[in-house]
Amino acid sequence: MSESDRLFSQPDHPMRDFVFNEDVVRVFPDMIKRSVPGYPAIVENLGVLANQFAQPNSVLYDLGCSLGASSQALRRHVKQDNCRVLAVDNSPAMIERCRQYMSQQDSLFQELLPIEVLEADITQLAFQPASVVALNFTLQFIAPEQRLDLLSRIRQALVPGGALLLSEKLRFSDEAEQHLLTDLHIAFKRANGYSELEIAQKRNALEKVLLPDTLEEHRKRLLKAGFSQVVVWFQCLNFASLVALP
Ligand SMILES: Nc1ncnc2c1ncn2[C@@H]1O[C@H](C[S@+](CC[C@H]([NH3+])C(=O)[O-])CC(=O)[O-])[C@@H](O)[C@H]1O
Ligand SMILES: O=C(O)C(=O)Cc1ccccc1
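Residues numbered from 1 in each chain as written. Chains lettered and ligands numbered in written order. Predicted model: local features only at pLDDT ≥ 70, side-chain atom pairs only at ≥ 80, totals over all residues. Heavy atoms only, no water.

Turning our attention to the UniProt feature "binding site: S-adenosyl-L-methionine" (unreviewed entry) in the chain. Those places that UniProt annotates as "binding site: S-adenosyl-L-methionine" (unreviewed entry) correspond, in this numbering, to Tyr39, Gly64, Cys65, Ser66, Asp89, Asn90, Asp121, Ile122, Asn136 and Arg203. These residues run over 165 residues, and the two farthest C-alpha atoms among them are 25.0 Å apart, placing them at more than one spot. Mapped onto the fold, tyrosine 39 is located in helix α2 (residues 39-53). Dropping the residues within four chain positions of it, tyrosine 39 is found in contact with Ile32, Lys33, Ala69, Asn136 and Phe137. Dropping the residues within four chain positions of it, asparagine 90 is found in contact with Ala120 and Asp121. (UniProt positions renumbered as here; feature names shortened; annotations may be inferred. Helix = DSSP H or I, 4+ residues; strand = E, 2+ residues; numbered from the N terminus. Contact = heavy atoms within 4.5 Å.)

This brings us to the nonpolar core. Core analysis: the biggest nonpolar cluster contains 31 residues, and Tyr61, Leu63, Leu135, Ile154, Leu164 and Leu222 have the highest contact counts within it. Elements represented by at least two residues in this core include exactly β1 (59-63), β2 (84-89), β4 (130-136), α5 (144-157), β5 (158-169) and β7 (239-245). If one sorts the elements of this core by residue count, α5 sits on top with four residues. Aside from chain neighbours lying at most four places away, what touches leucine 135 is Leu63, Ile122, Leu151, Ile154, Leu164, Leu165, Leu166 and Ser167. In this structure, Val27, Ile186, Ile199 and Ala205 belong to the second largest nonpolar core, which totals 25 residues. (Core = buried A, V, L, I, M, F, W, Y, C linked by side-chain atoms within 4.5 Å. Buried < 20%, exposed > 50% of the residue type's maximum accessible area, 1.4 Å probe, protein only.)

Around ligand 2, a shell composed of Phe18, Met31, Ser35, Val36, Lys169, His185, Lys189, Lys202, Leu206, Leu210 and Phe239 is seen. Take lysine 169: an N or O atom from its side chain is 2.8 Å from an oxygen atom of ligand 2. Contacts to ligand 2 include lysine 202, whose side-chain N or O atom sits 2.7 Å from an oxygen atom. When isolated, ligand 2 has an accessible area of 320 Å², and the protein chains bury 95% of it. Breaking the shell around ligand 2 down by element, the ones donating at least two residues are α1 (22-35), α6 (175-191) and α7 (196-206). By residue class, the composition of the shell around ligand 2 is six nonpolar, two polar and three charged. (Near = heavy atom within 4 Å. Polar contact = N/O pair within 3.5 Å; in protein donor to acceptor, adjacent residues only side chain to side chain. Areas by Shrake-Rupley, 256 points an atom, 1.4 Å probe, with all protein chains shown as cover. Nonpolar A, V, L, I, M, F, W, Y, C, P; charged D, E, K, R; others polar.)

Taking 1.5 Å per residue, 17 residues should reach 24 Å; helix α4 (residues 92-108) reaches 25 Å between its end C-alpha atoms and fits that length. Considered for burial, the residues of α4 that qualify are Ala93, Met94, Ile95, Cys98, Met102 and Gln105. Of the surrounding elements, those touching the buried residues of α4 are α1, α3 (69-77), β2 and β3 (115-119). (Expected span 1.5 Å × (residues − 1).)

Our focus in this paragraph is unusual backbone geometry. Phi at serine 66 takes a positive value of approximately 50°, unusual for a residue other than glycine. With phi around 65°, glutamate 111 is a residue other than glycine that occupies positive phi space. Its place among the elements puts glutamate 111 in the loop between α4 and β3. Residue glutamate 111 is classed as exposed on the basis of its relative accessible area of 74%.

Close to ligand 1 lie 21 residues, the nearest being Tyr39, Gly64, Ser66, Ser70 and Asp89. Contact distances for ligand 1 include 2.8 Å between a nitrogen atom and a backbone N or O atom of glycine 64. Taken together, the residues that form the shell around ligand 1 break down as 11 nonpolar, eight polar and two charged.

Once that is clear, we can look at the packing of aromatic side chains. Centre distance and the angle of the planes are the two values used to describe a pair of aromatic rings. This structure, assessed with the given rule, holds seven aromatic pairs. Between phenylalanine 8 and phenylalanine 18, the ring centres sit 6.4 Å apart and the planes meet at 20°, which makes this aromatic pair stacked. Here phenylalanine 8 is found in the segment before α1, whereas its partner phenylalanine 18 is found in the segment before α1, with 10 residues between them in sequence. In terms of burial, phenylalanine 8 and phenylalanine 18 fall into one category: buried. Taking the centre distance of 5.2 Å and the plane angle of 85° together, the rings of tyrosine 61 and phenylalanine 127 count as edge-to-face. Pair noted here: tyrosine 61 is in strand β1 and phenylalanine 127 is in the loop between β3 and β4, with a separation of 66 residues, a long-range link. (Phe/Tyr/Trp six-rings, centres within 6.5 Å; stacked < 30°, edge-to-face > 60°.)

This is the structure in structure tokens:
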């Protein structure tokens with residue numbers, strides 16, 4: 001069981017800029033569920049969608065896998081023959097716990113797809129041909145100038161019939177819309193037990209680290225990367241999930 005997230009509850013908390021270190025790893029499942037509206041529904045349905053696009057004898061990537069929640073959804077839902085999951089993250093603390101969690105799942109359940117968990121920077125990775133690529137709340141942490149190149153390389157790796165499943169926090173170009181959805185997201189966090197101090201301190205820590213794009217920026221960049229169709233399949237407040245087809 002993971003601990004509950006109190007990382008930003010004290011005024012003298014040590015984290016200036018948000019990093020995926022051991023302290024975050026310890027509370028991560030609780031943190032992401034209480035911070036991202038719709039997260040459990042997104043992860044579950046990611047597996048369902050993936051099963052529609054997975055091709056026999058192919059690789060399914062989970063890029064920025066954290067503790068492997070999305071990997072696990074892929075492993076449970078995808079029924080195509082001879083698929084395997086490659087889960088990648090560049091945080092050593094995340095990778096260590098992800099490996100433990102995955103071997104635990106293997107001992108509990110049969111018929112899970114095989115998985116390999118890699119510690120690597122996804123901006124430096126040479127992709128194998130893949131039918132499904134999940135970027136579940138990861139692109140927002142990649143330097144903006146590297147995002148198009150990463151998406152282009154993913155597009156090149158995708159086989160016919162495959163898909164990119166992309167979830168992101170959104171920014172809105174309309175000031176009133178940005179303001180309203182930010183306020184509603186804060187209300188969501190408050191309703192999940194976060195204090196005003198926790199909300200404000202985490203917001204400061206994320207300011208230079210999590211850089212959201214607008215839905216229009218996502219669409220344009222995905223088309224530029226060579227995707228032919230981009231469809232939003234889920235949105236809750238300022239968080240959205242897209243499917244992009246090669
Ligand atoms: N360059 C990089 N290379 C590899 N990993 C990276 C990089 N930059 C950041 N990460 C990793 O991307 C993950 C983002 S969390 C994903 C949740 C998960 N997908 C989930 O479905 O539960 C989203 C969040 O915390 O909001 C972290 O584990 C980082 O270490
Ligand atoms: O908390 C937030 O404001 C977020 O945008 C989501 C989030 C969730 C977990 C780690 C970092 C950011």
